Amino acid sequence: DITFKLQVETTVAAVMELYWDLVSFNESVQVARDALTAANRLLEDNRKQVEVGTLAQIEVVRAEAEIASSEQTLLVAETRTLQQETILKTALSRTGVSNPAIAAAHIITTDRIQIPAVEPVTPIQDMTALAISSRPELAQSRIQLSNQELTIRGSKNALLPTLDVVANLSNSGLAGQINPLPALPGTAHSNTAFFIGGYGTVLSQLFARNFPNYSVGVNLNIPIRNRAAQAQVISDELTYRQQQLSLQRLENQVRVDVQNGVIGVSQARAGYQAALKAQVLQAQTLDAEQKKLALGASTIYNVILAERDLVTAQSNLVAAEAAYSKAKVELDRATGQILYNNNVSVDEAAKGVVPRPPSPIPAVPPAALPRQPR
């Protein structure tokens, strides 16, 4: 059961990381689409300015080149999203994409990566204690340690003296075969029915316990220098100590995992805040370049560079959000709470049936559907 629970935790963590990757890839597709929209808008503005003679024709060519680059970026993002869908469908289904219906279906992500404004503070000691009491690896090691204790008790019993007491009680029938000779008057044969013989006489003697036999025996075995048993006890005790060290190392590793999980979440949050600030600054830079271009104090090339920097900042923000989500998954796995926090039941996983109704699926706009690569 514990091994199965460990496998369920591993599977849930792997699928969640794949899912958050798909969510971030969808966000990357939306970023690429926004960049393409901005490039098309820039092209239209340049064409209007060329028509009125306030801009050189080469600026239209630059805008068209930027559109081609944005289309290529969008195509790469959509292709990566479709590939991630294939990976996730293979992980979620038994037959994978060999089923035509699954191969043709799209996975529509209904979640957005939400990063709280304030990270909940939990003492590291409490998280470590929760992990030590919840991780199935530690439960496995403790059971193995208990089994080894029983093995040592059995091995030590071989060094003890053995005393066997045997008692026996039996009934005998002494009638024998039927005597065909007539009994002489006054003899024991004529006075005792036991000497007549016959099967009925035997049965009556057995049930009446006329001729019982009693025996008692004692067998004492004292081992002297039982080297084989002594060697077995020493070997079992060494194995027990090794398992104790293994349990201690595993507990130390769990503490390291929790510490690394907390550090990972902290670093991912710092990376998200830095990426968010960079995106805001790049948006302000692009707005300033567009205003300068309208006043004739900048060039189309500078605007294009600012748009590229904004797209890069937005992509970095999406990657930072995905890194934060996967860091939270790793922290839940390290503390042994990944099944509880995601409402996954081990009993339902063992039965293969989820009796609970599925969560309602929110409406998804058609724009969220990925396109097939051209």
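For clarity, every value in this text was computed on a predicted model and none was experimentally measured.

**Student:** Now, about the overall build of the protein: what can you tell me, with residues and values included?
**Tutor:** What the protein contains, in helices and strands, is 11 helices and 2 strands. Written out in order from the N terminus, the α and β elements of the protein read α-α-α-α-α-β-α-α-β-α-α-α-α. Radius of gyration (C-alpha) of the protein: 42 Å, far over the 21 Å computed for a compact globule of 374 residues. By principal-axis analysis of the C-alpha atoms, the protein measures approximately 160 × 50 × 35 Å. Counting every position in the protein, which comprises 374 residues, the buried fraction comes to 31%. Considering only contacts within the protein whose residues lie at least 6 apart along the sequence, 78% involve residues at least 24 apart. Summed over its atoms, the accessible surface of the protein is roughly 23,500 Å², and 58% of this surface lies on carbon and sulfur atoms. For the protein, the centre of its 32 positive side-chain charges and the centre of its 34 negative side-chain charges are spaced 7 Å apart.

**Student:** Kindly report on the environment of Ala103, identifying the contributing residues and their values.
**Tutor:** Relative to the helices and strands, Ala103 is located in helix H3 (residues 100–104). On the basis of relative accessibility, which here comes to 40%, the residue Ala103 falls in the partly exposed class. For the pair Ala103 and Gly336, spaced 233 residues apart in sequence, the C-alpha separation works out to 34 Å.

**Student:** Any details on the packing of aromatic side chains? Residues and values, ideally.
**Tutor:** According to the stated counting rule, one finds 1 aromatic pair in the structure shown. Plain terms: the ring middles of Tyr19 and Trp20 are 5.5 Å apart, the flat faces sit at 65° to each other, and that makes the pair edge-to-face.

**Student:** I'd like to hear about the side chain of Glu321, residue by residue, with values.
**Tutor:** Tracing the backbone shows Glu321 in helix H9 (residues 300–335). Nearest to the buried, unbridged Glu321 among oppositely charged side chains is Arg112, at 6.1 Å. Apart from residues lying up to four places away in sequence, Glu321 is in contact with Ile113, Ile115 and Tyr272.

**Student:** Requested: an account of the pattern of salt bridges, with residues and values cited.
**Tutor:** Counting across every chain of the model gives 16 salt bridges. With a closest N to O distance of 3.4 Å, Arg47 and Glu64 form a salt bridge. One end of the pair, Arg47, is in helix H1 (residues 2–52); the other, Glu64, is in helix H2 (residues 58–92), with 17 residues separating them in the sequence. For Arg47, a relative accessible area of 36% translates into the label partly exposed. For Arg356, the salt bridge goes to Glu348, with nearest N and O atoms at 2.8 Å. Assessed through its relative accessible area of 14%, Glu348 is described here as buried.

**Student:** Before we move on, could you go through helix H5 (residues 136–157) and cite the residues and values that matter?
**Tutor:** A rise of 1.5 Å per residue sets the reference length of H5, with its 22 residues, at 32 Å; its end C-alpha atoms lie 32 Å apart and thus fit the reference within 8%. All buried positions along H5 are accounted for by Pro136, Glu137, Leu138, Ser141, Leu145, Gln148, Ile152 and Ser155. In this fold, the buried residues of H5 make contact with H1, helix H4 (124–134) and helix H8 (227–294).

**Student:** How would you explain the nonpolar core if you had to name every residue and give the values?
**Tutor:** Formed by 37 residues in total, the largest nonpolar core has its most connected members in Trp20 and Ile338. At the level of elements, H1, H4, H5, H8, H9 and helix H10 (338–341) are the ones that each hand at least two residues to this core. A total of 9 residues in this core trace back to one element, the largest contributor, which is H1. Ile338 has contacts with Glu9, Val12, Ala13, Met16, Val329, Asp332 and Arg333, leaving out every residue within four places of it along the chain. Judged by nonpolar contacts, the second largest core, of 10 residues, contains Val29, Ala32, Leu36 and Ala63.

Definitions and cut-offs
- Residues numbered from 1 in each chain as written.
- Predicted model: local features only at pLDDT ≥ 70, side-chain atom pairs only at ≥ 80, totals over all residues.
- Heavy atoms only, no water.
- Helix = DSSP H or I, 4+ residues; strand = E, 2+ residues; numbered from the N terminus.
- Rg over C-alpha atoms; globule rule 2.2 N^0.38 Å.
- Buried < 20%, exposed > 50% of the residue type's maximum accessible area, 1.4 Å probe, protein only.
- Contact = heavy atoms within 4.5 Å.
- Areas by Shrake-Rupley, 256 points an atom, 1.4 Å probe, with all protein chains shown as cover.
- Lys, Arg positive; Asp, Glu negative; His and termini not counted.
- Charge placed at Lys NZ, Arg CZ, Asp CG, Glu CD.
- Phe/Tyr/Trp six-rings, centres within 6.5 Å; stacked < 30°, edge-to-face > 60°.
- Salt bridge = Lys/Arg side-chain N within 4 Å of Asp/Glu carboxyl O.
- Expected span 1.5 Å × (residues − 1).
- Core = buried A, V, L, I, M, F, W, Y, C linked by side-chain atoms within 4.5 Å.

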